[in-house]
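Chains, contacts and geometry: an overview
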Amino acid sequence: MLRSHTCGELRLTDINTEVTLAGWVQRVRNKGGLIWVDLRDRYGVTQLIFEEGSTDKALLDKAASLGREFVIQASGKVIERTSKNDKIPTGAIEVKAETLEVLNAAKVPPFIIEDETDGGDELRMKYRYLDLRRNVVREKLQLRHRMMQETRKYMDAQDFIEVETPVLIKSTPEGARDFVVPSRVNPGEFYALPQSPQTFKQLLMVSGFDRYFQIVKCFRDEDLRADRQPEFTQIDCEMSFVTQEDILNTFEGLVRHLFTNAKEVQLGEVERMTFADAMKYYGNDKPDLRFDMKFAELNDVAQGKGFAIFDQAELVVGICATGAGEYTRKQIDALTEWVKRPQIGAKGLVYVKCNDDGTYKSSVDKFYSQDDLKAWAEKVNAKVGDLILVLSGDAKSTRKQMSELRLKMGEDLGLRDRNVFKPLWVVDFPLLEWDEETQRFHAMHHPFTSPKTEDIPLLETDPGAVRANAYDLVINGVEIGGGSIRIHDRPTQQLMFKHLGFTDEEAQKQFGFLMEAFEYGAPPHGGIAFGFDRFCAIFGGSDSIRDYIAFPKNNSGRDVMIDSPSTIADEQLKELSIQVELKKG
Ligand code: ASP
């Protein structure tokens with residue numbers, strides 16, 4: 001080894017030890033006859049000291065010529081520092097350097113490699129390998145590593161077998177566009193990259209593997225956002241001979257294990273809520289339960305009093321912002337503007353302030369008596385000092401708008417503490433979802449999800465009302481995982497494809513292999529997949545999954561460091577029998 005110790009391990013107990021360290025120059029402080037060099041590696045920072053008199057001139061000159069991020073090796077004796085630095089674990093000692101070797105010089109880095117950097121996003125992504133030298137960035141990947149190891153530990157202890165599934169496959173229907181790869185040996189034909197290993201894990205159940213998991217890369221060609229990347233990682237799992245209850249319990253166990261072992265947080269109860277309730281009370285299938293602010297429907301107390309906007313609305317819904325009764329006119333105007341932005345799309349906002357003297361002051365006083373407003377306050381559970389906010393319109397969009405407003409109020413009132421974790425199982429999702437654009441039903445989860453047995457007759461009469469054996473795990477308003485109990489027989493799977501608008505031929509062509517497998521003794525099975533990157537981001541208290549990916553892509557799906565995607569050589573295209581002709585517009 002080129003070193004005897006790391007830069008993070010020397011302490012007062014090592015005084016007088018001869019050591020050799022290697023690492024990067026973090027900082028050089030030159031006081032003439034006295035030079036300090038902060039030497040950094042993954043483990044920490046150790047101070048080297050070069051002193052005139054005890055150090056020969058050549059060594060002193062060499063130390064003086066060191067630049068930031070030079071890679072060096074230095075040997076010397078550990079001594080006690082006269083002025084100690086209690087901010088770093090090695091702060092009580094320094095190494096009195098006797099030899100110094102420059103292992104590699106470095107150009108001046110394009111941004112400062114410290115926790116607080118001057119580098120903008122784009123620059124840091126271009127030089128991601130330098131960004132990764134920063135502690136704050138590396139620590140995020142260390143958290144990811146820990147979570148990965150703990151996941152494997154738990155799954156192994158529960159008898160899950162980790163199996164790798166192929167990356168060059170045929171389309172899997174998770175609802176996004178596929179990335180495709182041309183085949184050279186089969187000209188004109190393409191592989192698709194898996195949106196998830198869904199069909200493979202189900203086939204493994206048919207094979208009798210009983211319990212499967214994989215920490216696996218998945219690929220979806222979607223429009224990108226802060227919490228989406230074209231390639232991302234899932235903890236993908238499947239089990240045989242289980243009910244939904246078994247799956248929820250097994251994976252609640254995994255989540256608890258991760259919280260205890262990778263975060264040192266004792267997780268409270270994991271609540272359960274039906275999809276229908278989540279929509280009714282939070283306007284959202286992934287409610288943030290760190291705060292209450294539940295929706296209260298006000299139709300019966302707000303309609304029929306002459307206020308046309310409410311009278312004509314399908315839904316009048318209110319929330320109570322606890323303690324916000326002090327909001328000024330200006331603050332309320334700003335909220336009104338906020339809900340009226342096109343991204344939210346509300347027409348207006350009605351408020352009621354619950355005054356200290358027990359009276360109410362609202363923006364609709366003209367239409368409502370104090371008694372009327374009191375009835376509202378009771379419905380939303382508002383007390384003196386609270387603020388009631390009310391939206392109205394068609395039910396679907398009003399719930400959506402109120403959901404946004406609820407989250408904003410939660411944020412503004414400081415109720416979304418990153419150190420509080422509120423996990424929730426959302427269950428009983430609808431099986432199908434109507435798509436306005438294509439004017440047909442889509443599988444809400446995916447086409448392999450089983451309908452609740454008692455709802456199967458509804459498939460013919462009211463497909464939208466059929467509930468699925470499907471569930472999501474939500475933490476703090478973020479969907480962390482989702483899965484379902486699967487269909488495991490050919491007739492039901494065929495029926496499902498039919499309802500999704502597949503002809504028998506199309507279903508056979510795309511998923512014949514799976515339906516055939518179901519005819520060779522398929523056990524009842526179900527599973528779940530967790531979005532691993534998001535899980536890490538939640539643990540780390542961040543909104544962006546990018547920080548938890550070593551080499552992420554930017555908002556246009558580009559890796560600016562390796563400059564990809566890029567064109568390929570004519571020769572490669574020729575081999576693939578492909579001619580590129582880009583269509584404009
Ligand atoms: N394959 C599904 C997904 O990626 C998860 C599952 O149903 O297990 O969302």
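These numbers were taken from a predicted model, which means no experiment stands behind them.

1. Quick word on the nonpolar core
Phe251, Trp425, Ile475, Phe530, Phe535 and Phe539 are the most contacted members of the largest nonpolar core, which has 41 residues in total. Apart from the residues within four sequence positions on either side, Phe539 is in contact with Leu143, Met147, Leu258, Phe259, Ala262 and Lys263. Formed by 25 residues, the second largest nonpolar core is a distinct cluster that contains Ile344, Ala346, Leu349 and Leu387.

2. Here we look at the site of the ligand
By nearness alone, 14 residues border the ligand, and Gln198, Lys201, His445, His446 and Arg486 come closest of all. Contact distances for the ligand include 2.6 Å between an oxygen atom and a side-chain N or O atom of Lys201. A distance of 2.8 Å separates an oxygen atom of the ligand from a polar atom in the side chain of Arg486. Here the ligand has 270 Å² of accessible area as a free molecule, and 92% of this is covered by the chains. Mapped by element, the contributors of at least two residues to the shell around the ligand are α5 (198–206), β21 (478–485) and β22 (525–531). It is β22 that provides the largest number of residues to the shell around the ligand, a total of three residues. Residue classes in the shell around the ligand are distributed as two nonpolar, eight polar and four charged.

3. Things to note about the packing of helix α4 (residues 135–157) against helix α16 (residues 532–540)
Two quantities define a packed helix pair, namely the angle between the helix axes and the distance between the axes. In the contact formed by α4 and α16, the axes pass within 10 Å of each other and the chain directions differ by 120 degrees. Classed by the angle they form, the pair α4 and α16 counts as oblique. The handedness of the crossing between α4 and α16 comes out as right-handed. Contacts between α4 and α16 involve Leu143, Arg144, Met147, Met148 and Thr151 on the former and, on the latter, Phe532, Asp533, Phe535, Cys536, Phe539 and Gly540. Considering only residue class, the contact of α4 with α16 consists of seven nonpolar, two polar and two charged.

4. Considering the packing of aromatic side chains
Applying the stated rule across the entire model yields 21 aromatic pairs. Plain terms: the ring middles of Phe275 and Phe429 are 5.2 Å apart, the flat faces sit at 45 degrees to each other, and that makes the pair tilted. On the criterion of sequence distance, the pair formed by Phe275 in helix α7 (residues 275–282) and Phe429 in the loop between β17 (423–427) and β18 (432–435) is long-range, its members being 154 residues apart. Residue class for Phe429 comes out buried when judged on its relative accessible area of 6%. With 4.7 Å between their ring centres and 70 degrees between their planes, Phe307 and Phe310 make a pair best called edge-to-face.

5. Details of unusual backbone geometry
The linkage connecting Ser564 with the following residue, Pro565, adopts the cis geometry, with an omega of 5 degrees. Note on placement: Pro565 falls in the loop between α16 and α17 (570–575). Phi is positive for Glu264, which is not a glycine, with a value near 55 degrees. With respect to the secondary-structure elements, Glu264 resides in the loop between α6 (244–263) and β11 (271–274).

6. With respect to the environment of Thr17
Its location among the elements puts Thr17 in the segment before β1 (18–30). Owing to a relative accessible area of 29%, Thr17 belongs among the partly exposed residues under this scheme. For the pair formed by Thr17 and Gly76, sequence separation is 59 residues and the distance between their alpha carbons is 8.3 Å. Thr17 has contacts with Gly76, Lys77 and Val78, leaving out every residue within four places of it along the chain.

7. Regarding the pairing of β17
For β17, the tally of buried residues reaches five of five residues, placing the bulk of the element in the interior. Residues Pro423, Trp425 and Val427 point to one face of β17 and Leu424 and Val426 to the other, with burial holding for every one of them. One ladder, built from four bridges, connects β11 with β17; its direction is parallel. Pairing of Thr274 across the sheet is with Val427, part of β17. Pairing analysis gives five bridges linking β17 to strand β20 (residues 470–475), with the strands arranged antiparallel. Across the sheet, the residue bridging to Pro423 is Ile475, located in β20.

8. Some remarks on the UniProt feature "binding site: L-aspartate" (unreviewed entry) in the protein
Those residues carrying the UniProt feature "binding site: L-aspartate" (unreviewed entry) are Glu174, Arg220, His445 and Arg486 in this numbering. Checked against the element boundaries, Glu174 lands in the loop between β6 (161–162) and β7 (180–182). Of the residues examined, Glu174 reaches a relative accessible area of 17% and is grouped as buried. Each residue touching Glu174, except ones within four places of it in the same chain, is listed here: Gln195, Ser196, Gln198, Arg220 and His446.

9. Things to note about the pattern of salt bridges
Evaluation of the coordinates by the stated rule reveals 44 salt bridges. Among the ionic pairs, Arg146 bridges to Glu150, the shortest N-O distance being 3.1 Å. Highlighted residues: Arg146 and Glu150, both in helix α4, separated by four residues, approximately one helical turn. When the shortest N-O distance is used, the salt bridge between Arg290 and Asp288 registers 2.7 Å. Judged on exposure class, the residue Arg290 and its partner Asp288 are both buried.

Cut-offs used in this document
Residues numbered from 1 in each chain as written. Predicted model: local features only at pLDDT ≥ 70, side-chain atom pairs only at ≥ 80, totals over all residues. Heavy atoms only, no water. Core = buried A, V, L, I, M, F, W, Y, C linked by side-chain atoms within 4.5 Å. Buried < 20%, exposed > 50% of the residue type's maximum accessible area, 1.4 Å probe, protein only. Contact = heavy atoms within 4.5 Å. Near = heavy atom within 4 Å. Polar contact = N/O pair within 3.5 Å; in protein donor to acceptor, adjacent residues only side chain to side chain. Areas by Shrake-Rupley, 256 points an atom, 1.4 Å probe, with all protein chains shown as cover. Helix = DSSP H or I, 4+ residues; strand = E, 2+ residues; numbered from the N terminus. Nonpolar A, V, L, I, M, F, W, Y, C, P; charged D, E, K, R; others polar. Axes fitted to C-alpha atoms, helices over the stretch in contact; angles between N-to-C directions. Parallel < 35°, antiparallel > 145°, perpendicular 65-115°, else oblique. Left-handed = near helix turned anticlockwise from the far one by under 90°. Phe/Tyr/Trp six-rings, centres within 6.5 Å; stacked < 30°, edge-to-face > 60°. Pairing = 2+ DSSP bridges. UniProt positions renumbered as here; feature names shortened; annotations may be inferred. Salt bridge = Lys/Arg side-chain N within 4 Å of Asp/Glu carboxyl O.

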